[in-house]
Every structure is written in C-alpha cells, then in structure tokens.
Amino acid sequence: MSSRRSRSRQSGVPSITDDQISDLVSKLQQLIPEVRSRRSDKVSASKILQETCDYIRSLHREVDDLSDRLSALLASTDNNSAEAAIIRSLLM
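Procedures and definitions
- Per chain, residue numbering runs from 1 following the sequence as it is written.
- Thresholds applied to this predicted model are a pLDDT of at least 70 for local features of residues and 80 or more for the giving and counting of side-chain atom pairs; totals over whole chains, interfaces and linings are not thresholded and use all residues.
- The side-chain values count all of the structure's non-hydrogen atoms but skip hydrogen atoms and water molecules.
- By definition, any uninterrupted DSSP run of H or I lasting at least four residues is a helix, any uninterrupted run of E lasting at least two residues is a strand, and each is numbered from the N terminus.
- Residue exposure (1.4 Å probe, protein chains only): buried if accessible area is under 20% of the type maximum, exposed if over 50%, otherwise partly exposed.
- Contacts: residue pairs with any heavy atoms within 4.5 Å of one another.
- Areas reported as accessible are Shrake-Rupley estimates using a 1.4 Å probe. Residue values count occlusion only from the protein chains shown.
- Put simply, a salt bridge is a Lys or Arg side-chain nitrogen that is within 4 Å of an Asp or Glu carboxyl oxygen.
- Axis definition: a line fitted to C-alpha atoms, limited for helices to the stretch in contact. Angles are taken between N-to-C directions and run from 0 to 180 degrees.
- Small angles under 35 degrees read as roughly parallel and large ones over 145 as roughly antiparallel, with 65 to 115 read as roughly perpendicular and the rest as oblique.
- Two helices that cross are described as forming a left-handed crossing if the nearer one is turned anticlockwise from the farther one by less than a right angle, and a right-handed crossing if clockwise.
- The residue classification treats Ala, Val, Leu, Ile, Met, Phe, Trp, Tyr, Cys and Pro as nonpolar and Asp, Glu, Lys and Arg as charged. All others, Gly included, are polar.

### Concerning the overall build of the protein chain
The number of helices and strands found in the protein chain is five helices and zero strands. The order of α-helices and β-strands along the protein chain, N terminus first, is α-α-α-α-α. Residues classed as buried in the protein chain amount to 15% of the 92 residues present. Pairs at least 24 residues apart make up 7% of the contacts formed inside the protein chain by residues separated by at least 6 positions. In the form shown here, the protein chain has an accessible surface area of approximately 7300 Å², with 54% of it arising from carbon and sulfur atoms.

### Regarding the pattern of salt bridges
Tallying each qualifying case throughout the model produces four salt bridges. With a shortest N-O distance of 3.0 Å, Asp54 and Arg57 are connected by a salt bridge. Here Asp54 and its partner Arg57 are both found in helix α4 (residues 45-75), three residues apart, which amounts to about one turn of the helix. The partly exposed category is assigned to Arg57, whose relative accessible area is 45%. Close ionic contact of Asp65 with Arg69 constitutes a salt bridge, the shortest N to O distance being 3.7 Å. Residue Asp65 and its partner Arg69 are both found in helix α4; the two are separated by four residues, about one turn of the helix. Note on Arg69: relative accessible area 54%, which makes it exposed.

### Side note on the packing of helix α2 (residues 18-31) against α4
Put simply, α2 and α4 touch, their axes get as near as 10 Å, and they point 45° apart. On the basis of the axis angle, α2 is oblique to α4. The crossing of α2 and α4 is left-handed. For the pair formed by α2 and α4, the contact residues are Val25, Leu28, Gln29 and Leu31 on the first element and Ala45, Ile48, Leu49, Thr52 and Tyr55 on the second. Residue composition of the contact of α2 with α4, grouped by class: seven nonpolar, two polar and no charged.

### Some details on the environment of Pro33
Assignment of secondary structure puts Pro33 in helix α3 (residues 33-36). With relative accessibility at 34%, the residue Pro33 sits in the partly exposed group. Counting along the chain gives 18 residues from Pro33 to Glu51, while the straight-line C-alpha distance between them is 9.2 Å.

Now the structure itself:
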C-alpha cells in the first residue's frame, strides 16, 4: 500500500495515513452487523471491507425487492386512494 501512497503524493492527490485508514475500518466494523457481532475477535481490514461490500450488495437487493413489492401493491390498488398516494410517496 505504501507504493500507492507515494504515487498519490507525486500526482498531487492528498494521501491518507495508516491511522486514518485504521479509524475508517474501525468505523465500518461498527456499522456492519456481521462484523459487529464478532467485535471481540480481531478481524482483518480486508475481511471488514469484504463484509462491507457484501452488506451493501444485500441492502441493494433488499431495496430492489421492496420496490418491486410496492410496485405490485400499487398496481393492485385504486390509483385515487389514500393507500396509492402513500405507496407512490414511498417509491419516490
């Protein structure tokens, strides 16, 4: 990683310190349920990053599924009803 950081300094891009990376990985660890439950265990940064990616993918799938379900529900309701207005607002 140090070679990447030295290249970024040469190109004028601000560099990030190891402490900053460690702090950000620690914050991710607190946000991801799968990793948070293993808080007492030492988890590698790469494992935390992988779990973060997996969690974000699962959230995307969940949002897509909920959107599909809301769309199907909207299709089965009267367009002028209060329920339809609520569903439309959730889909926005």
